[in-house]
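Notes for the structure review
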Amino acid sequence: MLELWGVLVIVIICPLLGSLPLIAWMTQALTGRQLAEVGTGNVGVSAAFYHGGTLVGILAVLSEAAKGIAAVLIARAYFPDGSAWELVALIALVMGRYSMGKGAGTTNVVWGFIVHDPLAAGFILLVTGVSFTILRDRQSAKYVVLVTVPIIVAILHMEDPFRILAAIGLAALLSWIYKQIPDDLDLPVQNAKPDSQAVLQFLRGDQGILSLDDELDPAIVGNKAAKLSQMKRWGYPVPKGWVLMPYEDPQQLIDFLQPSELSPLVVRSSAIGEDSEQASGAGQYETVLNVTTRQGLESAIAKVQASYNEPLAVQYRRDLNVTDTAIAVLVQLQVQSVFSGVAFSRDPMTQEQDAVVIEALPGSAVQVVSGRVTPEQYRAFVVDTDNLALIQLEGQGRVPAALIKQVAYLARRLEDRYYGVPQDIEWSYDGQTLWVLQTRPISTLLPIWTRKIAAEVIPGLIRPLTWSINRPLTCGVWGAIFALVLGEKAVGLNFNETATLHYSHAYFNATLLGQIFRRMGLPPESLEFLTRGEKLSKPPLNSTLENLPGLLRLLMRELWLGREFRRDYRQHFAPGLSRLASEPLEELDSPELFARINYILDLLHRATFYSIMAPLSAAIRQAIFKVKDSKLDNSLTPEVAALRSLQTLAAKAKQQFPHFKPDTVFAKMAESESGQEILAEFDQLLQRYGYLSEVGTDIAVPTWKEEPQAVKQLFVQFMQGNEAPKGEERQERQGKRNKGVVQRRVDLKGRVTDIYSQLLAHLRWSFVALEQIWLNSSLLNEPGDIFFLEFAEIKRLIEGIDTDLVEQLSEIVKLRRSQLAENGQINPVPLLVYGNTPPALPLRIAPLSPDQVLQGIPASPGQAVGRVKVLRNLQSMTEIDKEIILVVPYTDSGWAPLLVRAGGLISEAGGRLSHGAILAREYGIPAIMDVRNATWVLQDGQKVRIDGTRGIVEISNDLRPE
């Protein structure tokens, strides 16, 4: 019983003991300074020395030592001396120290461990001294000690596995904490209290001279030096260099380096905030070349440091809202350049996606960036950096084409390394090696907007009303999900910038999403993995652990997703849909229709959360449990259920009307009682699934209920076919399967899609009814005009207080119709847009020649050979049969009547979980999604072979149907 009380005391008292802010109280009492508001914000021993002076630092050591000793003595009151519970007490103490006391707990552990096991502590202190003497780097020495602790404990106490595990846990906890919080010892010693500078210099370990071989922190030495050190560790050729930290005495570096005529140095700036996504700092700070003497090096360092406070540099930072901080100095061996220049991994002027722009000259790169000499201009078009495929090189001059090609590959590979952010690269070639002198983001090309995912979520041309409703819904829910995980790390992120319109098409902010996923500890491509089946790189363990609380919160929402949906279905969705279905639209006036619209939007906001979370949840579970697509039953997906019902009804009709003419079959059925029963069932089916449309997320697109011709055509084609209804056979086969955790989420996704699509259809029909009132009153001129207004404008018209808007309404609609028509002629719509001001007219894509291959995401297995039929919208609907390989921009639910009649499917957008992929697998049709620019590079009548297992499209004039 005593031991049980001991465990409770350790678990409760020790964290509280660790959280006591004794250091903060002492510092404030003796100096008036609040440690949480200065320096790194840590409240630790090093912070006390740095900001409070020697006396405060000594008192801090004593107070934290007392805490560590007290924790061990608390454990001894309940357990034998030297037990593993003493280490558990230290673990609890450190957890409280970190979580509430804003400190690492190193001093607590050191003194507590000395009391716990003096012999082991002696060995560990010996190792500490040796490692510190040899390495002269406190960071390396610190981790050597952490590894040594469990090893020494294991050697001395082999008989006590609990103690060994506790020692491992304590070392792992400290290691993790060290990676989470900055260290006040990294702050400039010159800014510390004068009486404690010597102590801090000793504790810093006299780190020696920082070089580009070290792992550098951009917050301390600036982005330029940090990125060069990073590229050097990646294996890129970076000239050897050394870094002088801000406010550091340069004399040690000057004494160490020996510049000469044979080995000249270059002295460069590496300001904190320079070469960032917010500000490049290009040309704002000094660079000194050909430094050949120690006196020259001293002068060059002073000149670079002074350039930080030049009026133009100060004004530049103010103009871009960059905080004044400090400047580090980078000294490198100067490359004896044969050719040098700069390279932009994307063209910053035309924003042409495949172009690498290179400016080069014989000699030093400074000539190019200075702007005093006109460099030679080159453009390289890189298709595949992995296979080194260069399709075109523009520009001729003195620089060899092979070198320009090598520079182009370097630019693209560095862009890939930095999460796809376009890079501005300075390079130099000495006759043997292509050196990287710096790389920084091209800030004018940010953010990067992507059509991937967006092209599937809300495809096609988008009208203002659709966007003014969809954007706040989507951005708001995504923002809530991200904020749930990030917590305080969400500060500074504007989730309203998640999506935008370019060329009347939806784009997602890839730059913002990348920042979000990195802050969440996830790879940048996480969203595409979840929604499209892309490969996922392994997330860094440290960042994942750091965000573990937020990820656990998201996990809990995922686990309760089904229960929450059932609750909301009972309380909101079911009664809401019942009310909407029973309300006669034709009897409502404008204010009543607007009230109905607001009611639907409230339901949609609630439903949008499930429409995002359910597919993500299904994808995560499918990936974790490795369930194949073919093993899942999508019968609750509305378009799948609709097609199964339609096919079953068509088989029934064929039994009663075995001989019929396709053009007159509906009229023929109306003449008999049995036929009328079938027509009645058809009408019921249309009533049940009439909310589906070509684009389920676009309320400007008519529903099946409004335009049922496509469904009637498919019904007739099902009657003409000889196959048994696949739906029934599928249902019977699936019914025998055990629906596990993945299937439950797939079922939930189907139910959510059903609810969400119905709500959007009711929203559309409400706007159409409102539009009819305004057409009758001549406020609008023609059907469809209301979808060229924004929701806020409709609200102002309902309120009747904006007479200017009424007067301008006709011109506004006319202008927006014209803009939509103009954007509809752009071919193809770019996959990526760089910056907030895209080029007016994207370049056209040339058709592919025979014997070329396109790659996409394999979505439905099987092979097919046939003729290409390109359909960019359902208005261009044509006869489709099994000899046709259908090529479409996207595959929403409304495309179902076409997809099931084709021999194969190629789609520009979508992934394995998209509507088209599900339907293709349902009906055994090979399908490939995410084939870039497919509707433009493939031509009608072209013969292709598609492999839905490998995701490959082969184009060849020699192909013959098998």
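This is a predicted model, so every value here is computed, not measured.

So, on to the overall build of the protein chain. Within the protein chain, the regular secondary structure consists of 35 helices and 23 strands. The burial tally for the protein chain puts 53% of its 962 residues in the buried class. Sequence separation of 24 or more characterises 68% of the internal contacts of the protein chain that already satisfy a separation of 6 or more. Accessible surface computed for the protein chain: about 43400 Å², of which carbon and sulfur atoms make up 56%.

Glancing now at the pattern of salt bridges. Scanning the entire structure with this criterion turns up 30 salt bridges. Where Arg-163 meets Asp-117, a salt bridge forms, and the shortest distance between an N and an O atom there is 3.3 Å. Here the residue Arg-163 occupies a position in helix H9 (residues 161-180), and Asp-117 occupies one in the loop between helix H6 (106-116) and helix H7 (118-135), the gap between them amounting to 46 residues. Here the two residues Arg-163 and Asp-117 agree in accessibility, since each one is buried.

Quick look at the sheet that holds strand E23 (residues 952-955) now. One open sheet holds the 8 strands; their spatial order is E16-E23-E22-E18-E19-E20-E21-E17, and the pairing between them is mixed. The open sheet has two edge strands with one neighbour each: strand E16 (852-855) and strand E17 (857-860). The mean inter-strand angle of the sheet, taken between neighbouring strand axes irrespective of direction, is 30°. Note that strand E19 (residues 884-888) and strand E20 (residues 904-907) share 4 bridges and pair parallel. Looking across to E20, one finds that Val-888 is bridged to Ser-907. Packing of helix H34 (residues 915-922) onto the sheet brings it into contact with E17, E20 and strand E21 (927-929), and relative to E17 it is tilted by some 45°.

All chains considered together, the criterion is met by 17 aromatic pairs. Here the aromatic rings of Trp-85 and Phe-162 are separated by 5.4 Å at their centres, their planes lie at 80°, and the arrangement is edge-to-face. Of the two residues, Trp-85 is situated in helix H5 (residues 84-99) and Phe-162 in helix H9; the sequence distance between them amounts to 77 residues. Trp-85 sits in the partly exposed class, given a relative accessible area of 24%.

Below, the discussion takes up a nonpolar patch on the surface. Nonpolar side chains collect at one region of the surface, where Leu-4, Trp-5, Leu-8, Val-11, Ile-12, Ile-13, Leu-16 and Met-100 lie side by side and expose about 790 Å² of accessible area between them. For Val-11, the location among the structural elements is in helix H1 (residues 2-19).

Following Leu-446, the chain continues to Pro-447 via a peptide bond in cis, the omega torsion being 0°. With respect to the helices, strands and loops of the structure, Pro-447 is situated in the loop between strand E11 (434-441) and strand E12 (448-450). The phi angle at Tyr-247 is positive, at roughly 70°, despite the residue not being glycine. Here Tyr-247 shows up in the loop between strand E2 (241-244) and helix H12 (251-256). Its relative accessible area of 43% is what places Tyr-247 among the partly exposed residues. Notably, Tyr-503 is not glycine yet its phi reads approximately 55°, a positive angle. Tracing the backbone shows Tyr-503 in the loop between strand E13 (499-502) and strand E14 (505-509).

Mapped onto the elements of the fold, Glu-564 is located in helix H23 (residues 561-582). A distance of 3.2 Å separates the side chain of Glu-564 from the side chain of Arg-557, its partner in a polar contact. Among all residues touching Glu-564, those that are not within four sequence positions of it are Arg-557, Phe-609 and Tyr-610.

Quick look at a positive patch on the surface now. Among the surface-exposed residues, Arg-563, Arg-566, Arg-570 and Arg-751 lie close enough to one another that they form a single positively charged patch. Ranked by the residues each element gives to the positive patch, the list is headed by H23, at 3 residues. Here Arg-570 lies in helix H23. Given the relative accessible area of 57%, Arg-570 is considered exposed.

To continue, consider the environment of Ile-946. Tracing the backbone shows Ile-946 in strand E22 (residues 943-947). Accessibility expressed as a relative area gives 0% for Ile-946, which makes it buried. Once residues lying within four places of it in the same chain are set aside, the contact partners of Ile-946 are Gly-862, Gln-863, Ala-864, Ile-885, Gly-904, Leu-905, Ile-906, Pro-926, Ile-928, Ile-952 and Val-953.

Looking only at helix H19 (residues 510-519), the buried set comprises Thr-511, Leu-512, Leu-513, Gly-514, Ile-516 and Phe-517. The N-capping residue of H19, defined by a side-chain oxygen 3.2 Å from the backbone nitrogen of Thr-511, is Asn-509. Note on H19: the residue one or two positions beyond its end, Gly-521, has a positive phi of about 80°.

Now for the packing of H1 against helix H4 (residues 54-76). Interhelical geometry of H1 versus H4 gives an angle of 170° and a closest axis separation of 10 Å. Of the possible angle classes, the one that applies to H1 and H4 is roughly antiparallel. Every residue of H4 that contacts H1 at Val-9, Ile-10, Ile-13, Cys-14, Leu-17 and Gly-18 is listed here: Lys-67, Ala-70, Ala-71, Ile-74 and Ala-75. A class-by-class count of the residues in the contact of H1 with H4 yields 9 nonpolar, 1 polar and 1 charged.

So, on to the pairing of E13. Where E13 lies against E14, 4 bridges are found, and the strand directions are antiparallel. In the strand pairing of E14, His-502 is matched with His-505. Where E13 hands over to E14, the hairpin turn is made up of 2 residues, of which Tyr-503 adopts a positive phi near 55°.

A separate point is the sheet that holds E14. A sheet is described by the order of its strands in space; here 4 strands give the open sequence E13-E14-E12-E15, paired in antiparallel fashion. Every other strand in the sheet has two partners, leaving E13 and strand E15 (832-834) as the edge strands with one partner each. Mean inter-strand twist for the sheet, computed between neighbouring axes without regard to direction, equals 35°. Taken together, the 3 bridges between E12 and E15 define a ladder with antiparallel strand orientation. Across the sheet, residue Thr-450 finds its bridge partner in E15, namely Leu-832. H19 rests against E12 and E14 of the sheet, and its axis sits at about 35° to E14.

Parameters and conventions
- Residues numbered from 1 in each chain as written.
- Predicted model: local features only at pLDDT ≥ 70, side-chain atom pairs only at ≥ 80, totals over all residues.
- Heavy atoms only, no water.
- Helix = DSSP H or I, 4+ residues; strand = E, 2+ residues; numbered from the N terminus.
- Buried < 20%, exposed > 50% of the residue type's maximum accessible area, 1.4 Å probe, protein only.
- Contact = heavy atoms within 4.5 Å.
- Areas by Shrake-Rupley, 256 points an atom, 1.4 Å probe, with all protein chains shown as cover.
- Salt bridge = Lys/Arg side-chain N within 4 Å of Asp/Glu carboxyl O.
- Pairing = 2+ DSSP bridges.
- Axes fitted to C-alpha atoms, helices over the stretch in contact; angles between N-to-C directions.
- Phe/Tyr/Trp six-rings, centres within 6.5 Å; stacked < 30°, edge-to-face > 60°.
- Patch = residues over 30% accessible without salt bridge, like charges linked within 9 Å, V, L, I, M, F, W, Y side chains within 5 Å.
- Polar contact = N/O pair within 3.5 Å; in protein donor to acceptor, adjacent residues only side chain to side chain.
- Lys, Arg positive; Asp, Glu negative; His and termini not counted.
- Charge placed at Lys NZ, Arg CZ, Asp CG, Glu CD.
- Parallel < 35°, antiparallel > 145°, perpendicular 65-115°, else oblique.
- Nonpolar A, V, L, I, M, F, W, Y, C, P; charged D, E, K, R; others polar.

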